[in-house]
There are 2 protein chains.
Amino acid sequence: MREAMIITYILATICILSVTVHASQCSMNGIPLVRNISELPQDNYGRPGFLHTTLAGSLLHGMKEIEVWLQTFAPGTHTPIHRHSCEEVFVVLRGSGTLHIASNTHTKFPGEPLVYPIFTNSTFHVPVNDAHQILNTGEHEDLQVLVIISRPPVKVFMYADWYMPHTAAQLKFPYYWDEKCYKNNETPENDEL
Amino acid sequence: MREAMIITYILATICILSVTVHASQCSMNGIPLVRNISELPQDNYGRPGFLHTTLAGSLLHGMKEIEVWLQTFAPGTHTPIHRHSCEEVFVVLRGSGTLHIASNTHTKFPGEPLVYPIFTNSTFHVPVNDAHQILNTGEHEDLQVLVIISRPPVKVFMYADWYMPHTAAQLKFPYYWDEKCYKNNETPENDEL
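Residues numbered from 1 in each chain as written. Chains lettered and ligands numbered in written order. Predicted model: local features only at pLDDT ≥ 70, side-chain atom pairs only at ≥ 80, totals over all residues. Heavy atoms only, no water.

*Asks:* Help me understand the interface of chain A and chain B in this model?
*Replies:* Taken together, the contact between chain A and chain B spans 37 residues of the former and 37 residues of the latter. Together, the buried faces of chain A and chain B total about 3100 Å²; carbon and sulfur atoms form 69% of this surface. Of all residues in chain A, A:Leu33, A:Val34 and A:Glu87 give up the largest surface area on contact with chain B, accounting jointly for 21% of the area buried on that side. Measuring nitrogen to oxygen at the nearest pair gives 2.6 Å for the salt bridge that ties A:Arg151 to B:Glu65. Between the two partners, chain A and chain B, sit 14 residue pairs in polar contact (both at pLDDT 80 or more). Among the secondary structure elements, those contributing two or more residues to the side of chain A that touches chain B are strand E1 (35–36), strand E2 (50–56), strand E3 (66–73), strand E5 (88–94), strand E6 (96–102), strand E7 (114–119), strand E8 (122–126) and strand E10 (143–150) of chain A. Its residues placed into classes, the side of chain A that touches chain B shows 22 nonpolar, nine polar and six charged. As paired strands, E8(A) and strand E1 (residues 35–36) of chain B are joined by two bridges and run antiparallel to one another. Directly across from A:Ser122, in E1(B), lies its bridge partner B:Asn36. (Contact = heavy atoms within 4.5 Å. Buried area = accessible area lost by both parts, 1.4 Å probe. Salt bridge = Lys/Arg side-chain N within 4 Å of Asp/Glu carboxyl O. Polar contact = N/O pair within 3.5 Å; in protein donor to acceptor, adjacent residues only side chain to side chain. Helix = DSSP H or I, 4+ residues; strand = E, 2+ residues; numbered from the N terminus. Nonpolar A, V, L, I, M, F, W, Y, C, P; charged D, E, K, R; others polar. Pairing = 2+ DSSP bridges.)

*Asks:* Just checking my understanding: could you explain the UniProt feature "glycosylation site" (unreviewed entry) in chain A for this structure?
*Replies:* UniProt annotation of "glycosylation site" (unreviewed entry) refers to A:Asn121 when read in the numbering used here. Tracing the chain through its elements places A:Asn121 in the loop between E7 and E8. Residue classification places A:Asn121 among the partly exposed positions, given a relative accessible area of 33%. Ignoring any residue separated from it by four or fewer positions in sequence, one finds A:Asn121 in contact with A:Val92, B:Arg35, B:Asn36, B:Ile37 and B:Ser38. (UniProt positions renumbered as here; feature names shortened; annotations may be inferred. Buried < 20%, exposed > 50% of the residue type's maximum accessible area, 1.4 Å probe, protein only.)

*Asks:* Would you take a moment to explain the packing of aromatic side chains for this structure?
*Replies:* Working definition: an aromatic ring pair is given by the centre-to-centre distance plus the angle between the planes. All names here are of chain A. Counting across every chain of the model gives 18 aromatic pairs over all chains. An aromatic cluster is built from Tyr45, Phe50, Trp69, Phe73, Tyr175, Tyr176 and Trp177, whose rings are joined through pairwise contacts. Positioned over the ring face of Phe50 is Arg47, at 4.0 Å from the centre of the ring. (Phe/Tyr/Trp six-rings, centres within 6.5 Å; stacked < 30°, edge-to-face > 60°. Lys NZ or Arg CZ within 6 Å of the ring centre and 35° of its normal.)

*Asks:* Where do I start with the pattern of salt bridges in this structure?
*Replies:* Oppositely charged side chains are able to pair whenever their charged atoms sit close together. For the coordinates displayed, the defined rule picks out four salt bridges over all chains. Between A:Lys172 and A:Glu179 there is a salt bridge, with its nearest N and O atoms 2.5 Å apart.

*Asks:* Explanation requested: the relation of the copies chain A and chain B in the structure shown.
*Replies:* Here the second copy of the chain follows from the first by a rotation about an axis and a shift along it. Mapping chain A onto chain B is achieved by rotating through 180 degrees and translating by 0.0 Å along the same axis, at an RMSD of 0.0 Å. Considering both components of the superposition, the chain copies are consistent with a two-fold axis. Comparing contact sets, 100% of the residues at the interface of chain A also lie at the interface in chain B, consistent with an isologous, same-surface contact. (Least-squares fit on C-alpha atoms with pLDDT ≥ 70 in both.)

*Asks:* What is the right way to read the pairing of strand E8 (residues 122–126) of chain B from this model?
*Replies:* Residue and element names in this part refer to chain B. Within E8, five of the five residues are buried, which leaves the element mostly enclosed by the surrounding structure. Residue alternation in E8 divides its side chains into two sets, Ser122, Phe124 and Val126 and Thr123 and His125, and both sets are buried. Judged from the four bridges that link them, strand E5 (residues 88–94) and E8 form a sheet pairing that is antiparallel. Bridge pairing in E8 places Glu88 opposite Val126.

*Asks:* Where do I start with the sheet that holds E8(B) in this structure?
*Replies:* The strands making up a sheet associate through hydrogen bonds between their backbones, and the pairing can be parallel or antiparallel. Strand order in this open sheet of six strands is E1(A)-E8(B)-E5(B)-E10(B)-E3(B)-E2(B), and the pairing throughout is antiparallel. Each edge of the open sheet carries a strand with a single partner, namely E1 of chain A together with strand E2 (50–56) of chain B.

*Asks:* Sorry if this is basic, but what is going on with the sheet that holds E2(A) here?
*Replies:* Reading across from one edge, E2(A)-E3(A)-E10(A)-E5(A)-E8(A)-E1(B) is the order of the six strands in this open sheet, with antiparallel pairing throughout. Among the strands making up the open sheet, the edge pair consists of E2 of chain A together with E1 of chain B.

*Asks:* Explain the nonpolar core to me, please; I cannot follow it from the model alone.
*Replies:* For soluble globular proteins, nonpolar side chains are generally found buried alongside one another. The biggest cluster of nonpolar side chains holds 24 residues, and the ones touching the most others in it are A:Leu55, A:Val68, A:Leu146, B:Leu55, B:Val68 and B:Leu146. Among the elements of the structure, E2, E3, E5 and E10 of chain A together with E2, strand E3 (66–73), E5 and strand E10 (143–150) of chain B are those that each provide at least two residues to this core. (Core = buried A, V, L, I, M, F, W, Y, C linked by side-chain atoms within 4.5 Å.)

Right, here's the structure in full:
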């Protein structure tokens, strides 16, 4: 009888703790104002060699105008080719790689991108709606970047290649790291080109 | 005669170079998309022990919705007590210090601020219009932060102390690092509390 009570107590405690953890990941309640980045949740969202942490987010921290991410790309990994209707700034904290970016010279599809080397202690921005891709083209070192976007939460249109029509690019919303805390099932505003 | 020609040539070259440098500091023409942060202009704007670099700016790089700064505070230095009608996120790259922040519990003046330690690899955000101050309270190490704001260029209201009425806070616009490239003399939109 006593053992059954102890087991029930342990199970109840585990249950309460998991509810608390889940609630605190999608609610500002209990999240300290100053946060230790190394203690924040991080995930690869099904992409091996990738790590994402939201440092300041719209769903997690109530940001309305800016969002800040910390992302790590292992050698050989990259983002999808994608565009979004917001401003985006990168600060490269360590490693090196390549930025592919197709400014809107073609009206129907991105077209062959310009290629820029990116490196530790460099910064660049991606103009609104320019299709782009970040790649860790190195062989040994991780590429770590801080990413800043406007108009959160981000609505991403993904391309299979640089010649896919803009109108065929696939909308992913909420984006992978926003899925867990995004409760509103309404479709986003139309950010089509 | 030949010496005079050489001197004239040198003077003309210096003149052309300085015009070019001045133009490139306030124009997107000639600024590369990917920029080496250590080669960007930095200044202390009359504040000893302070260094500011605009990584992505509205006046320098045509940003409309976000702006990113890199700032360094020597031990004992700090920002003014101030507020701005925009969101702001900090990422502490190195060093430690203190955040003083007065959320709007008083309607007439900021009041006694809450005090939070900030440290390497921490992040925090300042809600719109909350009066705040960042201090390097350490004794030996520089405090280096990345600062992200929305609604650039920033319009800063500065307080002499935490008990100065909000209405007496002094507007500084354009802010120090925007002065050089801000050409429009119109007054900003009213962002008063």
